[in-house]
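# Structural description and commentary
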Amino acid sequence: AGIALSEAKRTLVVARLAKILRARGFATFNAYLDHLERAGTPLESQEFVNALTTNLTRFWREDHHFEHLTQYVGQIIRARAGTGADRRLRIWSAGCSTGQEAYTIALSLLAAWPELKRWDLRILATDIDTNVLDRAATGLYPESELNGLSPERVRLFEKAGAGRIRVPEEIASLVVFKPLNLLGPWPIRGKFEAIFCRNVTIYFDKPTQAELFGRLAEVMAPAGVLYIGHSENLGVHNHRFRSGGKTIYQLRDGPRARSAA
């Protein structure tokens, strides 16, 4: 899975895996690992990975990214208007966790550009943790998720009762959730105008980070935009991108997008 855990993470690992050991009846960690390596099922291996992933997200996290994306997509709409150009638009939320990032992308874009309802817009949302994907696909969240949002943004959601809110179907239908190990094969067709890969590579070692950023560049459309976390950097692949603002990078092919940052 590429998750690099230092000795400093020992307490975290013990706490998370101990629950599985108790539930599965293993007396020691060695016995559990021996079972996974020799006779573990794909479901048990997935349970192991799910236990070690960290999922922290919220709606409109790193707000400037969504402001930039909205402006960038506006440029695409204007550039293709009246030209008969392709109205296909693809965005990838890589490491989507419980889905707030992917839904924020859709909510932001349709609020700013209602004409996208007539476009072929799809947002791919992937994560290695199947538990969070199941939760994301429901589109249901506790009302506390709205804390700190403006009244305009709060109104974009529907009340679902029992202290919950729901992502409207019009928005949810634009997002496709899929399990994906970023270090494995990517069954992806076409190119992405924008990719969000935020606070994902911090769990990888440097060679793995370099490999991932290189692969992301290969599946981006000309002048595509990459959004990363505030503590991440592109390393050896920095030459393939130019800065579009704080933690915003644009593929060097094609015209430069104006920065909202």
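Structural notes, computed from the coordinates. Here the structure is a predicted model, which means the values were calculated and not measured. Each chain carries its own residue numbering, running from 1 in the written order of its sequence. Restriction of local features to residues with pLDDT of at least 70 applies here, the model being predicted, together with a cutoff of 80 or more for giving and counting side-chain atom pairs; totals for whole chains, interfaces and linings are based on all residues. Computation of side-chain values: all heavy atoms of the structure, hydrogens and water removed.

So, about helix α1 (residues 10-24). Only DSSP runs of H or I with at least four residues qualify as helices, and only runs of E with at least two residues qualify as strands; both kinds are numbered from the N terminus onward. To estimate how far a helix should extend, the number of its residues minus one is multiplied by 1.5 Å. An ideal rise of 1.5 Å per residue puts 21 Å on 15 residues; α1 measures up with 21 Å between its terminal C-alpha atoms. The quantity called bend is, for any residue, the angle between two axes fitted respectively to the seven residues ending at it and the seven beginning at it. Where α1 bends most, at L17, the angle is about 25°. The complete set of buried residues in α1 reads L17, A18, I20 and L21. Whether two residues are in contact is decided by their heavy atoms, any of which lying within 4.5 Å being enough. Considering only its buried residues, α1 is in contact with α2 (29-39) and α3 (42-52). Here the term buried applies to any residue with accessible area under 20% of the maximum for its type, exposed to any over 50%, and partly exposed to those in between, with areas from a 1.4 Å probe on protein chains only.

Next up on the list: the pairing of strand β4 (residues 158-161). Walk down a regular strand and you will see the side chains alternate between the two sheet faces. Strand pairing is assigned whenever DSSP detects at least two bridges linking the two strands. Both β4 and strand β5 (residues 164-166) contribute to a ladder of 3 bridges, which runs antiparallel. Bridge pairing in β5 links E158 to R166. The loop that links β4 with its antiparallel partner β5 comprises 2 residues; one of these, A162, has a positive phi angle of about 55°.

Another aspect to go through is the pairing of strand β7 (residues 192-197). Where burial is concerned, most of β7 is hidden: 6 out of the 6 residues are buried. Sheet topology places strand β1 (residues 88-94) next to β7; 3 bridges connect them, and they run parallel. Within β7, the position partnered with I91 by the bridge is A194. Inspection of the sheet shows β7 paired to strand β8 (residues 220-228) by 5 bridges, in the parallel sense. Looking at the pairing, F192 lines up with M220 of β8. The definition of a right-handed crossover adopted here requires that, viewed with the strands pointing away, the path from the first strand over the helix to the second runs clockwise. Between the parallel pair β7 and β8, the chain is carried across by helix α9 (residues 206-218), and the sense of this crossover is right-handed.

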